[in-house]
Amino acid sequence: MNQSKVMRGFLDTGLLLLMLFSYISSAVSSSHYSPSCQSHEQFHLNGMHKNGDVILGGLFKVHFFSTDPDLSFTSERQLPTCYGFNIIGFREAQTMAFAIDEINRNSNLLLNVTLGYSLYDNCLELGIAFRAALTLVSGQEEQVTLEDNCVGTPPVLGIVGDPSSTLSIAISTVIGLYRVPLVSYYASCSCLSDQQKFPSFFRTIPSDAFQVNAMIQILKRFGWTWTGLLISDDDYGVHAARSFHSDLGPAGGGCLAYTEILPWGDDPAELRRIVDVMRKSTARVVIAFSNKARMINLMKEVVRQNVTGLQWIASEAWTSADVLQTPHLMPYLGGTLGIAVRRGEIPGLRDFLLQIRPDNTDGNSMVNQFWEHTFQCRFAPPPASWVEAGGGLCTGQEVIQIVENELLDVSDLRAEYNVYKAVYALAYALDDMLQCEPGRGPFSNNTCADLQRLEPWQLVYYLAKVNFTTAFGDAVSFDENGDTLPIYDIMNWVWLPDGRTIVQSVGEVKRSAFKGDKFTLNEDKIFWNFEPKQPPRSMCSESCPPGTRMARKKGEPECCFDCVSCSEGKISNTTDSMECTSCPEDFWSSPQRDHCVPKKTEFLSYHEPLGICLTTTSLLGTFICVVVLGIFIHHHSTPIVRANNSELSFLLLVSLKLCFLCSLLFIGRPILWTCQLRHAAFGISFVLCVSCILVKTMVVLAVFRASKPGGESSLKWFGAVQQRGTVLVLTSVQAAICTVWLVSASPVPHKNTQYHSDKIVYECIVGSTIGFAVLLGYIGLLAVLSCLLAFLAKNLPDNFNEAKLITFSMLIFCAVWVAFVPAYISSPGKYADAVEVFAILASSFGLLVALFGPKCYIILLRPERNTKKAIMGRGNTR
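Residues numbered from 1 in each chain as written. Predicted model: local features only at pLDDT ≥ 70, side-chain atom pairs only at ≥ 80, totals over all residues. Heavy atoms only, no water.

### Focus on the overall build of the protein
In plain terms, the rule: Going along the chain from the N terminus, every DSSP run of H or I of four or more residues is numbered as a helix, and every run of E of two or more is numbered as a strand. Only protein chains enter the accessibility calculation, which uses a 1.4 Å probe; a residue whose area is less than 20% of its type maximum is buried, one above 50% is exposed, and one in between is partly exposed. All accessible-area figures derive from a Shrake-Rupley calculation using a 1.4 Å probe, and residue coverage is judged against the displayed protein chains alone.
When you go through the protein residue by residue, the secondary structure sums to 23 helices and 31 strands. A buried classification covers 51% of the 878 residues belonging to the protein. Entry remark: accessible area of the protein is about 40400 Å², with carbon and sulfur atoms responsible for 57%.

Structural data, given as structure tokens:
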């Protein structure tokens, strides 16, 4: 059915275009033979006319329906068959007549120029509307006397209408070729803003693009992100659907659960399917972009299926439809929010309407049809069927004041207000055009328009620049697309306890030339048809709280998503976040993932148990060294202290104390100087210690070699000076290694985040692995050498052979540091420092106990063995 109706519209348009060109060709050809333009044939239409110096045309929807029209020209005076009289459409036509009458009485506008009008009924049919438009631009007179070249003021200079978007598109496509201005008061399709296709189209109703934007603002205000869309199968609905699909997501963050096209006429099966979709959908908000006729059919099925609990948003085409505001529909439509054309006031219109009287003048059939519809009578001669049914004759004296219909209700003028503004826009443009000063005009050679030879394209130029303010205070002007400054009222259907319904204004949305868009909504006044009286929730998925992000569901609209927790180290601090953001390097996500917190820091601290134990052990070792040193100083003259160079023993104790103390550099938060000093102090202290041990071992070997015949010369290389020099040289080599290392690639503090994502591990990176390896290797070399030499000297004859102690201590030392290497490499962060400290302390205690434990035992507990004879093994001491 829809396809046949669309196809019929295309056929109507094509045939009418052929008729238009046929008419123009015949008119032009006749001008070669006569100073008059001859009309080929005439259309006969429902209309209303008034003469004037300049005629304005009008196209109005005075009837709702028509039979299929005959597209041929009619020689007989037969009016098209239209039925279903539209009181509102007739009032709109009368508003144009009133506006022209008011302008003619205005001494400040169009002085000495009288406006007339020719108004036609389009019967909401493309063919009839096209005929009416063609009649307006060509005229109805059979012969029009003009100048020799058939030029002069056309029958109409501009047209107000058509109210339908589809009809306006078709009409403007044709008359736009001749730049005849068409100022629509109700055609809101956004497609008509294309000035390339419709160069002479203007309108006083906002574009549907702005209406869609207003609806999106309402959705956004109440957080309705999941909505259904119902549209009519015409330009009005199709272009609105396009705007919703393109603008709803970016502007309001929402999406459509479904988009359904309401059928032409009453199609029960299709309506049943659409309502079933609405009932099963989780969308609680439904936008209906359609006219009231389709909404009536839809609501019958909604009532039949008892689909309640929906929040309706109405387009301006049915926001004010009384036929839908009935008590039996209010359980379903109560609380509807709608977009309505700006309401205005037109003083004097009601008095003008009260003066309407039948007119038997040929061509003024519109008033007579209103009279017959209102008073249920017929003018003579009435149809036979009417007389047989007992119908009365119209006298023309019926009292219109007692009529109970919408005609005299001027409290809610919306479309009429747009008609009023459209007429005044044409009048002001014409007035500006006639006030042009010769020689300063906007046309070629600075010419002005001539009243006797006005051309429509000249009026288009001035219409684009018109700017005036109505008595109601609304500014009227047109932008580069022919659109007026948009303004809409936001309406709410209030269902009163007594069953009545009122439609109240709860806000507005408008755009000004300087302040941009302004959206105002009084939520306290809104009636909600829900319990509790609160706006409903309509969303495919609940909002994702902070700490989560939205994850789209595959194959579903973007409003349907899952809430996924942010991964570690990332946060979202807003609702419905699309992505989680990473925390800065030194921060980590909170447990709720909604904000960043400073990362925990990790290093070997003095305040933790491990640090306390190591520090205590280090200080204990240092204290023991001091005690042993004190004992040795106190007993420095005893043989056991003096044996094997007491000076080296004192130096060894000092180096061991330094070894214990250097371990403290590994505890605490690493800073530059501790990182640089810890390994240097450790390396030099241990080389000093091991050097002393090595020299002592070498001295033991030299002494026993000197005791053999011919070995006296070996002692001259191991005097006190040589011993000190050897220790100094060996230590200096380590000092040189440390110096080169610190200069070339110094250890530095480092914040390591690789071990733990949520922690910052403060550590010292060695800078040069080679430098660190050489440092350890040199210590190991000296230790191994000392161990080997001591092992060779362990069986030498002596009651107190220190080589045995050195061998044992070196075995402990080497075992600790061999175990240290793999443990150090495999230990992360602070535990690597703890392993190194443990190795330092263990090896230091091993040397201290192994080397000085037996001597202290003899000094303190077995003093009888602290004699030269006992040490040399020459006495029987116990």
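### Digging into the packing of aromatic side chains
Defined as follows: Aromatic pairs are defined between Phe, Tyr and Trp rings, using the six-membered ring for Trp, whenever the two ring centres lie within 6.5 Å; interplanar angles under 30 degrees are classed as stacked, those over 60 as edge-to-face, and all others as tilted. Working rule: Lys NZ or Arg CZ, within 6 Å of ring centre, within 35 degrees of ring normal, means a charge sits over the ring.
Across all of its chains, the model carries 37 aromatic pairs by this definition. For the ring pair tyrosine 420 and tyrosine 424, a centre distance of 4.8 Å and an interplane angle of 50° mean the geometry is tilted. Of this pair, tyrosine 420 and tyrosine 424 both sit in helix α13 (residues 415-434), 4 residues apart, which is roughly one turn of that helix. Of the two residues, tyrosine 420 and tyrosine 424, neither departs from the other in class, the shared state being buried. Stacked on the ring of tryptophan 264, the Lys or Arg arginine 294 has its end atom at 4.4 Å from the ring centre. Seen from the ring of tyrosine 762, arginine 669 lies directly overhead, with NZ or CZ sitting 4.0 Å from the centre.

### Some thoughts on the sheet that holds strand β3 (residues 54-60)
As a reminder, the rule being used: At least two DSSP bridges between two strands are needed for those strands to be called paired. In this analysis an axis means a line fitted to C-alpha atoms, helices contributing only their contacting stretch, and an angle means the value between N-to-C directions, from 0 to 180 degrees.
With mixed pairing, the 6 strands of this open sheet are ordered in space as β2-β6-β3-β8-β9-β10. One side of each edge strand has no neighbouring strand; the edge strands of this open sheet are β2 (47-50) and β10 (201-203). Neighbour-to-neighbour, the strand axes of this sheet turn through a mean angle of 20°, independent of strand direction. Direction of pairing for strand β8 (residues 158-160) relative to strand β9 (residues 182-184): parallel, over a ladder of 2 bridges.

### A closer look at unusual backbone geometry
Of the consecutive residues glycine 161 and aspartate 162, the connecting peptide bond is found in the cis state with omega at -15°. Located in the positive-phi region is leucine 110, a residue other than glycine, with phi close to 55°. Residue position: leucine 110 is located in the loop between α2 (87-104) and β6 (115-121). Despite not being glycine, arginine 179 shows a phi value in the positive range, around 55°. Within the secondary structure, arginine 179 is located in the loop between α4 (165-175) and β9.

### Quick look at the sheet that holds strand β29 (residues 600-602)
A sheet is described by the order of its strands in space; here 3 strands give the open sequence β29-β31-β30, paired in mixed fashion. Looking at the sheet topology across the chains shown, the edges are occupied by β29 and β30 (748-752). When the angles between neighbouring strand axes are averaged without regard to direction, this sheet yields 25°.

### Concerning the state of the cysteines
Using the following cut-off: Here, the term disulfide refers to a pair of cysteine sulfur atoms separated by no more than 2.5 Å.
The full count for this structure, using the stated rule, is 10 disulfides. The disulfide partner of cysteine 540 is cysteine 560, and the S-S distance across this bridge is 1.9 Å. Residues cysteine 540 and cysteine 560 are joined through a disulfide that is right-handed, its torsion about the S-S bond being 105°. Here cysteine 540 is found in the loop between β22 (516-521) and β23 (548-552), whereas its partner cysteine 560 is found in the loop between β23 and β24 (561-565), with 20 residues between them in sequence. For cysteine 566, the disulfide goes to cysteine 580, at an S-S distance of 2.0 Å. Judged by the sign of its S-S torsion, about -75°, the cystine formed by cysteine 566 and cysteine 580 is left-handed. Of this pair, cysteine 566 sits in the loop between β24 and β25 (570-571) while cysteine 580 sits in the loop between β25 and β26 (581-582), and the two are 14 residues apart along the sequence.

### Points about the pairing of β6
Burial within β6 is extensive, with 7 of its 7 residues counted as buried. Where burial is concerned, the two faces of β6 agree: the one with Leu115, Tyr117, Leu119 and Asp121 and the one with Gly116, Ser118 and Tyr120 are both buried. Relative to β6, β2 is paired through 4 bridges, and the arrangement is antiparallel. By the bridge assignment for β6, lysine 50 is matched with tyrosine 117.

### Let's talk about the packing of helix α15 (residues 609-634) against helix α22 (residues 830-861)
Threshold: For classification, angles of less than 35 degrees are called roughly parallel, those exceeding 145 degrees roughly antiparallel, those between 65 and 115 degrees roughly perpendicular, and all remaining angles oblique. The crossing is said to be left-handed when, going from far helix to near helix, the turn is anticlockwise and less than a right angle, and right-handed when the turn is clockwise. By definition in these notes, contact holds between two residues if any of their heavy atoms fall within 4.5 Å. Any residue outside Ala, Val, Leu, Ile, Met, Phe, Trp, Tyr, Cys, Pro, Asp, Glu, Lys and Arg is labelled polar, Gly included; the first ten of those are nonpolar and the last four are charged.
One way to put it is that α15 packs onto α22 with a least axis distance of 10 Å and a crossing angle of 25°. One element, α15, and the other, α22, form an angle in the roughly parallel class. The two elements α15 and α22 meet at a crossing, and its hand is left-handed. Along the contact surface, α15 presents Leu610, Leu614, Thr617, Ser618, Leu620, Gly621, Ile624, Cys625, Val628, Ile631 and Phe632, while α22 presents Tyr831, Ala834, Val837, Leu841, Phe845, Leu848, Phe852, Lys855, Cys856, Ile859 and Leu860. When its residues are assigned to classes, the contact of α15 with α22 shows 18 nonpolar, 3 polar and 1 charged.

### Brief notes about the packing of helix α7 (residues 268-280) against helix α8 (residues 292-305)
Two elements in contact, α7 and α8, have axes separated by 9 Å at closest approach and are oriented at 60°. For the element pair α7 / α8, the angle class is oblique. Along this stretch, α7 crosses α8, giving a crossing that reads as right-handed. Within the contact between the two elements, α7 uses Leu271, Arg272, Ile274, Val275, Asp276, Met278 and Arg279 and α8 uses Asn297, Leu298, Glu301, Val302, Arg304 and Gln305.

### Some words on the pattern of salt bridges
We apply this condition: Counted as salt bridges are all cases of a side-chain nitrogen of Lys or Arg within 4 Å of a carboxyl oxygen of Asp or Glu.
According to the stated counting rule, one finds 30 salt bridges in the structure shown. In this structure, glutamate 345 engages arginine 343 in a salt bridge whose closest nitrogen and oxygen atoms are separated by 3.8 Å. Under the relative-accessibility criterion, glutamate 345 is labelled partly exposed at 45%. For the salt bridge of lysine 751 with aspartate 586, the shortest nitrogen-to-oxygen distance reads 3.0 Å. On the criterion of sequence distance, the pair formed by lysine 751 in strand β30 and aspartate 586 in the loop between β26 and β27 (587-589) is long-range, its members being 165 residues apart.

### Observations regarding the pairing of β30
Side-chain direction in a regular strand flips from residue to residue, so the side chains alternate between the two faces of the sheet. Pairing between β30 and strand β31 (residues 759-765): 5 bridges, direction antiparallel. Within β31, the residue paired with asparagine 752 across the bridge is valine 761. Linking two consecutive strands that pair antiparallel, namely β30 and β31, is a turn of 6 residues.

### Brief notes about the confidence of the model for the protein
Stated formally: Confidence per residue, as judged by the predictor, is encoded in pLDDT with a range of 0 to 100.
Mean pLDDT over the protein: 83, with 86% of residues reaching 70 or higher. Confidence, expressed as mean pLDDT per element, reaches its minimum in the protein at helix α1 (residues 2-30) with 43 and its maximum at strand β14 (residues 311-314) with 96. Scored below 50 in pLDDT, residues 72-77 makes 13 contacts in the model with residues more than four places away or belonging to other chains.

### Brief notes about a nonpolar patch on the surface
In plain terms, the rule: Think of a patch as exposed residues, more than 30% relative accessible area, with no salt bridge, where like charges cluster within 9 Å and nonpolar side chains (Val, Leu, Ile, Met, Phe, Trp, Tyr) cluster within 5 Å.
On the surface, Leu619, Leu651, Val654, Leu658 and Leu661 cluster together into a nonpolar patch covering about 350 Å² of accessible area. If you tally residues by element for the nonpolar patch, the top one is helix α17 (residues 646-662), at 4 residues. Topologically, leucine 619 is positioned in helix α15.

### A short note on the environment of arginine 537
Here is the rule: N or O atoms closer than or at 3.5 Å make up a polar contact, with two conditions inside protein: a donor-capable atom paired with an acceptor-capable one, and, for residues adjacent in sequence, both atoms drawn from side chains.
Inspection of the secondary structure assignment puts arginine 537 in the loop between β22 and β23. The spacing of arginine 537 and tryptophan 224 is 313 residues in sequence and 6.6 Å in space, taken between C-alpha atoms. Of note is the side chain of arginine 537, whose polar atom sits 2.4 Å from the side chain of glutamate 542.

### Looking at the side chain of serine 827
Within the secondary structure, serine 827 is located in the loop between α21 (802-826) and α22. Only 2.6 Å separates the side chain of serine 827 from the backbone oxygen of alanine 823, close enough to count as a polar contact. The residues touching serine 827, leaving out its near neighbours within four places in the chain, are Ala832 and Val835.

### Observations regarding helix α5 (residues 208-222)
Selection criterion: By this rule the span expected of a helix is its residue count minus one, scaled by 1.5 Å.
With 15 residues, α5 ought to run about 21 Å at 1.5 Å a step, and its terminal C-alpha atoms sit 21 Å apart, in line with that. Measuring from the backbone nitrogen of alanine 209 back to the side-chain oxygen at the start of α5 gives 3.1 Å, which picks out serine 207 as the cap. Once α5 finishes, glycine 223 follows within two positions and takes phi at roughly 70°, a positive value.

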